[in-house]
Amino acid sequence: MNNCKFPVIAIPQDCRYIPINKILFLTDYSLSQLHNLRKVHNLALLFGAEIDVLQVSTVDSGQDKIFGREWRKFRAKSDVHFYFLTSNDIEGTITDFIELQKSNLVVITTHHYNFFKSLFQYSLSKNLAFHSKIPVLSISAERD
């Protein structure tokens, strides 16, 4: 997942089919992520799904509000909700959010690192792919 520049979906072995009506898009709220949110929104339109956009971090920079305003410039009437949660347990908080909001699909942006950098980088996408109970879609951070 982390090395592919094309979207990849990981479906857990014990996952049962449930229609996709709630998508969770994980982000750091950098404005470069608007491009990927547009891709996810196009997918959501196919399924008639809503999107929750979430960042979990130890520090609130207020970037979620800026990101939300910029998003509304592109698609003012979209079923997209923006959330920011403060926590030291990022993966656990995301898992709790998924259960609380009843998300059917998690979308995460992957970053491509060279071999040495990848040894020291924590991979949220890898952990989610192994521990998630719902499908995880990875989208490359690089714009196409």
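Scroll up a little and you will see the structure.
All of the points below concern the structure found in this document.

When helices and strands are counted, the chain shows five helices and six strands. When the helices and strands of the chain are placed in sequence order, the string is β-β-α-β-α-β-α-β-α-α-β. Long-range contacts, defined as pairs at least 24 residues apart, comprise 84% of the intrachain contacts of the chain with a sequence gap of at least 6. Summed over its atoms, the accessible surface of the chain is roughly 8800 Å², and 56% of this surface lies on carbon and sulfur atoms.

At 3.6 residues per turn, the α-helix brings residues three or four places apart onto the same side. A rise of 1.5 Å per residue sets the reference length of helix H2 (residues 63-74), with its 12 residues, at 16 Å; its end C-alpha atoms lie 17 Å apart and thus fit the reference within 8%. Residues of H2 that are buried in the fold lie against helix H1 (34-47), strand E3 (50-57) and strand E4 (80-86).

The next point concerns the pairing of E4. Summarising the sheet, E3 and E4 pair through seven bridges and their orientation is parallel. In the sheet register, Ile-51 faces E4, and the bridge partner there is Val-80. For the crossover from E3 across H2 to E4, the handedness is right-handed.

Below, the discussion takes up the pattern of salt bridges. A complete count under the given rule lists four salt bridges for this structure. A salt bridge links Glu-50 to Lys-22; its shortest N-O distance comes to 3.6 Å. Of this pair, Glu-50 sits in strand E3 while Lys-22 sits in strand E2 (residues 22-26), placing them 28 residues apart in sequence. Across the salt bridge formed by Asp-52 and Lys-22, the nearest N and O atoms sit 3.6 Å from each other. On the criterion of sequence distance, the pair formed by Asp-52 in strand E3 and Lys-22 in strand E2 is long-range, its members being 30 residues apart. Classification of Asp-52 by relative accessible area gives buried; the value is 0%. Here the residues in one salt-bridge network are Lys-22, Glu-50 and Asp-52, joined through shared partners.

This brings us to the nonpolar core. Considering soluble globular proteins, one finds that nonpolar side chains tend to be buried as a cluster. Membership of the largest hydrophobic core comes to 19 residues, with the highest contact counts inside it found for Ile-23, Leu-37, Ile-51, Val-53, Phe-82 and Val-107. Of all the secondary structure elements, the ones that give two or more residues to this core are E2, H1, E3, H2, E4, strand E5 (105-110) and strand E6 (136-140). If one sorts the elements of this core by residue count, H1 sits on top with four residues. For Phe-82, the residues in contact, after removing those within four places along its chain, are Tyr-29, Leu-37, Val-53, Phe-67, Gly-68, Trp-71 and Arg-72. Membership of the second largest hydrophobic core comes to 11 residues, among which are Leu-24, Ile-94, Phe-97 and Val-106.

A word on H1. With 14 residues, H1 extends 20 Å between its outermost C-alpha atoms, agreeing within 8% with the 20 Å of an ideal straight helix rising 1.5 Å per residue. Buried within H1 we find Leu-34, His-35, Asn-36, Leu-37, Val-40, His-41 and Ala-44. On its buried face, H1 sits against E2, E3, H2, E4, E5 and E6. Once H1 finishes, Gly-48 follows within two positions and takes phi at roughly 70°, a positive value.

Parameters and conventions
Residues numbered from 1 in each chain as written. Predicted model: local features only at pLDDT ≥ 70, side-chain atom pairs only at ≥ 80, totals over all residues. Heavy atoms only, no water. Helix = DSSP H or I, 4+ residues; strand = E, 2+ residues; numbered from the N terminus. Contact = heavy atoms within 4.5 Å. Areas by Shrake-Rupley, 256 points an atom, 1.4 Å probe, with all protein chains shown as cover. Expected span 1.5 Å × (residues − 1). Pairing = 2+ DSSP bridges. Right-handed = clockwise from strand over helix to strand, strands pointing away. Salt bridge = Lys/Arg side-chain N within 4 Å of Asp/Glu carboxyl O. Buried < 20%, exposed > 50% of the residue type's maximum accessible area, 1.4 Å probe, protein only. Core = buried A, V, L, I, M, F, W, Y, C linked by side-chain atoms within 4.5 Å.

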